[in-house]
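Listed below, chain by chain, are the residues.
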Amino acid sequence: MALGRTAATIAYAVAAVVVVPSHLRWVALLCTAVAFAGAAYSWRAGIDQPVRRVIGLVVMAAGGHALYVVDPSSPGWLLAGIAISVALAVLPLPVAVPFVVVTAGTGALIAELRNPAAIVPLLAGCTGFAVLGAVVGASRQRADQAERLLVSEHAARQAEARAQVYAERARLAREIHDILAHTLSAQIVGLESARLLMRKGALDDAVLQQIDRAQKLAREGLDETRQAVQSLRGDTRPTAEAVAELAQSANATLSVEGRPEPLAPETGLAVERTVREALTNVRKHAPGAAVRIRLAYREGRVEVEVHDSGSVTRSGLHDTGTGYGLTGLRERAELLGGKLDAGPVDEGEGYRVWLTIPR
């Protein structure tokens, strides 16, 4: 493009000088130089410098008109036409339209004075250059708009990616916080009980029982933390398989309704933690009770129900924990658009935990 502009400039300068009479060639060369200086000044002006562009185009058109005044047979009108085209291509319409009218009118006035027969061809040429400039300007606007849309889309994708990273961090922090708050508080209670027993001179077996219970809670908390991290990162087994293993470890009866399908990591984790918490509560409050687990894949949602038959005996674990396990799961289900209900079924019919959550 640079070579093309250079070649066109040289060719035009030679043509402008050759066609005029010999005694006017220095004047023609000066007019051409002025026009080219204005064109270069306008070309080097940035998009944010419309005043410089207008000044450059005015100088360019003035040089062309001056060359046309020197010799009506010279191609001075061509420079004015190019200035019209460039103005409509790069300048705002409120600025370009007056410039086009003044430039074309000045050319027509010069033609009227110097060569009346050239008025119609000159106006036709100016019209052609104006149409060309308008088409180029519209193309530039569409290109600029497309570029801005691409930039906006890229920024939106980056923002979405950052939001996903922050959301994942928040989920990990929430899961780990809940697990540690639950297990550590239970450990503190157990260790405090062991300390009090030792102060009262209790038997070693009672103290060891409290320490063993705290150790078990620590191990379970570590396992749950590892499973939560794996689930949130998608590096985990299917939910149906995890629920089946929990049911087997608790000697519970499991029934699966519908076709098992992959679930979102947070959804699968909510289902697994609900079953785990319900089975833990059965061991604490209803040892020896028969437990039924129902996992149902419905249209657009998944349901899980843990129902125990109840027990009249009490476990030594009934006073452990914080009592906020199901409350935390209920809040988690609501955050995911689901619902969790827990409570006794009927008198003597045991306890039921039921979760429904979108897939």
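These numbers come from a predicted model, not from an experiment.

**Q** Explain a nonpolar patch on the surface to me, please; I cannot follow it from the model alone.
**A** A surface patch of nonpolar side chains, about 510 Å² in accessible area, is lined by Leu30, Val34, Tyr41, Val51, Ile55 and Val59. Elements supplying a minimum of two residues to the nonpolar patch: helix 2 (25-44) and helix 3 (50-70). Considering the arrangement of structural elements, one finds Tyr41 in helix 2.

**Q** Can you help me understand the pairing of strand 2 (residues 291-298) in this one?
**A** Put simply, side chains in a regular strand alternate between the two faces of the sheet. Burial analysis of strand 2 places six of its eight residues in the buried class, the great majority of the element. Sheet topology places strand 1 (residues 253-257) next to strand 2; five bridges connect them, and they run parallel. When the bridges of strand 2 are listed, Val256 appears paired with Leu295. Following the chain from strand 1 across helix 9 (residues 265-285) to the adjacent parallel strand 2, one finds a crossover that is left-handed. Sheet topology note: the strand 2/strand 3 (residues 301-308) ladder contains eight bridges and is antiparallel. Bridging from a neighbouring strand, Val291 pairs with Asp308 of strand 3. In this antiparallel pair of consecutive strands, strand 2 and strand 3, the connection spans two residues, and Gly300 shows a positive phi of 80°.

**Q** Any chance you could explain the packing of aromatic side chains here in plain terms?
**A** Geometrically, a pair of aromatic rings is defined through the distance of the ring centres and the angle of the planes. Evaluation of the coordinates by the stated rule reveals zero aromatic pairs. Taking NZ or CZ as reference, Arg52 lies 4.6 Å from the ring centre of Tyr41, over its face.

**Q** Is there a simple way to think about the nonpolar core in this case?
**A** Across soluble globular proteins, nonpolar side chains have a tendency to be buried as a group. In this structure, Leu57, Tyr68, Ala83, Ile84, Ala87 and Phe99 are the most contacted members of the largest nonpolar core, which totals 28 residues. Setting aside chain neighbours within four positions, we find Phe99 in contact with Leu57, Val58, Ala61, Ala83, Ile84 and Ala87. Core analysis: the next-biggest nonpolar cluster, separate from the first, contains 26 residues, Val271, Ile293, Tyr297 and Val302 among them.

**Q** Can you help me understand helix 5 (residues 93-114) in this one?
**A** Every α-helix winds through 3.6 residues per turn, so residues three or four apart in the chain are directed the same way. Here helix 5 spans 31 Å end to end across 22 residues, near enough to the 32 Å set by a 1.5 Å rise per residue. When we look at burial in helix 5, the residues that qualify are Ala96, Phe99, Val100, Thr103, Ala104, Gly107, Ala108, Ile110 and Ala111. Around the axis of helix 5, the buried residues are gathered within 160° of arc, so they sit on the same side. Exposed residues on helix 5 whose side chains face more than 90 degrees from its buried face are Pro94, Val101, Val102, Leu109 and Leu113.

**Q** Explain the packing of helix 8 (residues 239-249) against helix 9 to me, please; I cannot follow it from the model alone.
**A** One can describe the packing of helix 8 onto helix 9 by two numbers: an axis separation of 10 Å at closest approach and a directional angle of 10°. Relative to helix 9, the element helix 8 is oriented roughly parallel. Contacts between helix 8 and helix 9 pair Thr239, Ala242, Val243 and Leu246 from the former with Gly268, Val271, Glu272, Val275, Arg276 and Leu279 from the latter. Across the contact of helix 8 with helix 9, the residue classes break down as six nonpolar, two polar and two charged.

Analysis parameters
Residues numbered from 1 in each chain as written. Predicted model: local features only at pLDDT ≥ 70, side-chain atom pairs only at ≥ 80, totals over all residues. Heavy atoms only, no water. Patch = residues over 30% accessible without salt bridge, like charges linked within 9 Å, V, L, I, M, F, W, Y side chains within 5 Å. Areas by Shrake-Rupley, 256 points an atom, 1.4 Å probe, with all protein chains shown as cover. Salt bridge = Lys/Arg side-chain N within 4 Å of Asp/Glu carboxyl O. Helix = DSSP H or I, 4+ residues; strand = E, 2+ residues; numbered from the N terminus. Buried < 20%, exposed > 50% of the residue type's maximum accessible area, 1.4 Å probe, protein only. Pairing = 2+ DSSP bridges. Right-handed = clockwise from strand over helix to strand, strands pointing away. Phe/Tyr/Trp six-rings, centres within 6.5 Å; stacked < 30°, edge-to-face > 60°. Lys NZ or Arg CZ within 6 Å of the ring centre and 35° of its normal. Core = buried A, V, L, I, M, F, W, Y, C linked by side-chain atoms within 4.5 Å. Contact = heavy atoms within 4.5 Å. Expected span 1.5 Å × (residues − 1). Arc of directions from axis to C-beta. Axes fitted to C-alpha atoms, helices over the stretch in contact; angles between N-to-C directions. Parallel < 35°, antiparallel > 145°, perpendicular 65-115°, else oblique. Nonpolar A, V, L, I, M, F, W, Y, C, P; charged D, E, K, R; others polar.

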